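The lines below spell out each chain.
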Amino acid sequence: MYQIKATEGMAKRACFETPHGVIETPVFMNVGTVAAIKGAVSTLDLKEIGCQVELSNTYHLHVRPGDTVIKSLGGLHRFMVWDRPILTDSGGFQVFSLSSLRKIKEEGVHFQSHVDGRKIFMGPEESMQIQSNLASTIAMAFDECPSSKADRSYVQNSVDRTTRWLKRCKAEMDRLNALPDTINKEQMLFGINQGAVYDDIRIEHAKAITELDLDGYAIGGLAVGETHAEMYRVLESVVPYLPKEKPTYLMGVGTPANILEGVERGVDFFDCVYPTRNGRHAHLYTAHGKINLFNAKYEQDMRPIEEGCNCPTCRTYSRAYIRHLLKAKEMLGMRLCVLHNLYFYNRMMEEIRGAIEEHRFAAYKAEKLYQMEQGAD
RNA sequence: GUGGGUAUGGCGCAGUUGGCUAGCGCGCCAGAUUGUGGCUCUGGAGGCCGUGGGUUCGAGUCCCACUAUCCACC
């Protein structure tokens with residue numbers, strides 16, 4: 001059940017009810033691919049920094065420890081001790097990101113495991129079965145994410161196949177949810193729109209997938225090499241063709257600025273590896289832009305990462321100390337940085353929700369972008 | 001004390017029978033990174049080749065002395 005509480009232009013402030021609790025949108029989902037937020041961050045930490053939804057990956061968990069193992073242990077929620085919503089990505093993106101290790105066919109994709117090299121086959125049915133075993137709150141459809149450089153005919157063929165795959169996903173999900181030994185019989189399914197930067201292909205695809213009446217719709221295949229202008233244009237073209245009574249999810253995006261632009265164009269869900277990956281590599285987000293703690297100028301800087309930030313890291317430690325930890329490759333350094341970055345993202349989403357509720361999102365966005373462009377010291 | 005080895009950017013090393021603006025790894029400095037392979041990639045700074053002399057058109061490369069350091073022996 002998706003309920004809109006306020007709107008401002010295309011921007012929406014809504015509540016999305018799930019079997020694992022309500023998701024307040026717009027929301028940023030914290031990425032924990034292998035059922036772990038990289039950087040020694042626990043699910044207890046996630047609660048402290050305001051995470052609503054955790055995101056894990058079908059392909060990675062299938063390879064290790066195995067979805068049947070997780071099912072026998074009671075599902076992903078119990079396994080990682082997280083009682084809030086979990087969204088599992090379908091493995092479709094790995095068709096793109098592990099492109100040197102796979103072959104795409106009509107029935108599905110043959111992978112070579114990145115861990116031990118063994119052969120793995122994943123098609124729509126397999127992806128749904130794995131996600132059902134993981135018992136995540138929201139399962140993503142198994143799709144192909146074509147390269148932003150792919151030519152028109154390749155993209156058209158790929159998108160047509162993704163539509164056929166989606167129908168198989170839906171049928172398999174319905175079948176699995178009806179089985180007696182399925183852990184989460186209310187598992188939801190989101191479809192994924194593709195079409196690279198070809199607006200007309202995107203729109204036709206959006207029309208085709210919305211006929212299936214799924215629980216939500218994602219826009220995939222963006223932020224994979226195209227320009228920001230192209231990404232925003234595609235959003236403006238496609239979002240109007242997605243149902244307004246369902247959540248819209250922009251996959252893999254993005255920077256704080258990307259998120260503000262996405263919210264303005266009607267997106268409810270976001271996820272991105274930036275706060276975690278950049279945190280591990282000393283890139284920290286602040287209201288005044290990104291800082292690189294590896295820079296020598298922070299060697300004796302006793303200020304917190306961000307003045308006024310209420311995250312566990314900024315309440316306690318200095319830039320100088322964290323820089324030292326990172327330089328010494330101490331795990332604590334990564335952990336403190338990832339905590340700060342995730343807190344930053346989650347807090348920004350909270351501010352965005354408040355701004356839309358009070359119909360001042362446009363002003364909030366302009367102010368936020370202006371501040372970030374000023375640069376931090 | 002004797003014999004032998006080694007001295008090249010912060011550290012560890014390459015530098016062919018002497019020949020163009022002396023390289024490499026790590027580190028350092030800076031930048032990239034968008035449904036995560038704890039990565040990866042891209043730039044940059046930094047060396048009068050231990051010191052002094054010699055041979056030569058030309059020496060990091062050859063010769064002599066000195067200094068430092070390592071190993072073995074007394």
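Residues numbered from 1 in each chain as written. Chains lettered and ligands numbered in written order. Predicted model: local features only at pLDDT ≥ 70, side-chain atom pairs only at ≥ 80, totals over all residues. Heavy atoms only, no water.

## Regarding the pattern of salt bridges
In this structure the tally under the stated criterion is 28 salt bridges. Notably, a salt bridge pairs glutamate 264 with arginine 265, separated by 3.5 Å at the nearest N-O pair. The partly exposed category is assigned to glutamate 264, whose relative accessible area is 31%. Of the charged contacts, one joins arginine 319 and aspartate 301 as a salt bridge, the two residues approaching to 3.0 Å between their closest N and O atoms. Linking arginine 319 in helix H12 (residues 319–327) with aspartate 301 in the loop between strand E16 (289–292) and H12, this pair joins segments that are 18 residues apart in sequence. Its relative accessible area of 4% is what places arginine 319 among the buried residues. By relative accessible area, which is 10% here, aspartate 301 ends up buried. Members of the salt-bridge network, linked through shared partners, are Glu236, Glu261, Glu264, Arg265 and Lys365. (Salt bridge = Lys/Arg side-chain N within 4 Å of Asp/Glu carboxyl O. Buried < 20%, exposed > 50% of the residue type's maximum accessible area, 1.4 Å probe, protein only. Helix = DSSP H or I, 4+ residues; strand = E, 2+ residues; numbered from the N terminus.)

## Looking at the protein's contact with RNA strand B
Neighbouring RNA strand B are 43 residues; His114, Val273, Thr276, Lys327 and Met334 lie closest to it. Backbone atoms, meaning sugar plus phosphate, form 49% of the atoms of RNA strand B positioned within 4 Å of the protein. In the environment of RNA strand B, a sugar or linking oxygen lies 2.7 Å from a nitrogen or oxygen atom belonging to the side chain of aspartate 89. One nitrogen or oxygen atom from the main chain of phenylalanine 294 is found 3.4 Å from a phosphate oxygen belonging to RNA strand B. (Near = heavy atom within 4 Å. Polar contact = N/O pair within 3.5 Å; in protein donor to acceptor, adjacent residues only side chain to side chain.)

## Let's talk about the environment of aspartate 199
Secondary-structure assignment places aspartate 199 in helix H8 (residues 199–210). On a C-alpha basis, the gap between aspartate 199 and aspartate 377 in space is 40 Å, while along the polypeptide they are 178 residues apart. Setting aside chain neighbours within four positions, we find aspartate 199 in contact with Arg233, Val234 and Ser237. A polar side-chain atom of aspartate 199 sits 2.5 Å from a polar atom in the side chain of serine 237. (Contact = heavy atoms within 4.5 Å.)

## A closer look at the domain arrangement of chain A
The domain boundaries assigned to chain A delineate domain 1 (2–272) and domain 2 (279–374). The C-alpha-based centres of domain 1 and domain 2 are spaced at 27 Å. The interface of domain 1 with domain 2 comprises 36 residues on the first partner and 30 residues on the second. Both faces considered, domain 1 and domain 2 share a buried interface measuring about 2,700 Å² in area, 68% of it formed by carbon and sulfur atoms. If you look at where domain 1 meets domain 2, you find five salt bridges. Two residues, arginine 13 and glutamate 357, come together in a salt bridge whose shortest N-O distance is 2.6 Å. At the surface where domain 1 touches domain 2, the tally comes to 14 residue pairs in polar contact (both at pLDDT 80 or more). (Domains from an automatic or database assignment. Buried area = accessible area lost by both parts, 1.4 Å probe.)

## A closer look at the pairing of strand E8 (residues 109–112)
A one-sided burial pattern is seen for E8, the buried positions being Val109 and Phe111 and the unburied ones His110 and Gln112. Where strand E7 (residues 102–104) hands over to E8, the hairpin turn is made up of four residues, of which glycine 108 adopts a positive phi near 160°. Here E8 pairs with strand E9 (residues 119–122) via four bridges, running antiparallel. Along E9, the bridge assignment pairs glutamine 112 with lysine 119. Linking E8 back to E9 in an antiparallel pair, the connection comprises six residues, with glycine 117 at a positive phi of about 80°. (Pairing = 2+ DSSP bridges.)

## Comments concerning the pairing of strand E12 (residues 216–219)
What you see with E12 is no split at all: Gly216 and Ala218 on one side and Tyr217 and Ile219 on the other are buried throughout. Following the chain from strand E11 (residues 188–193) across H8 to the adjacent parallel E12, one finds a crossover that is right-handed. Once the chain exits E12 it traverses helix H9 (residues 228–238) before rejoining the sheet at strand E13 (residues 248–250), and the crossover so formed is right-handed. (Right-handed = clockwise from strand over helix to strand, strands pointing away.)

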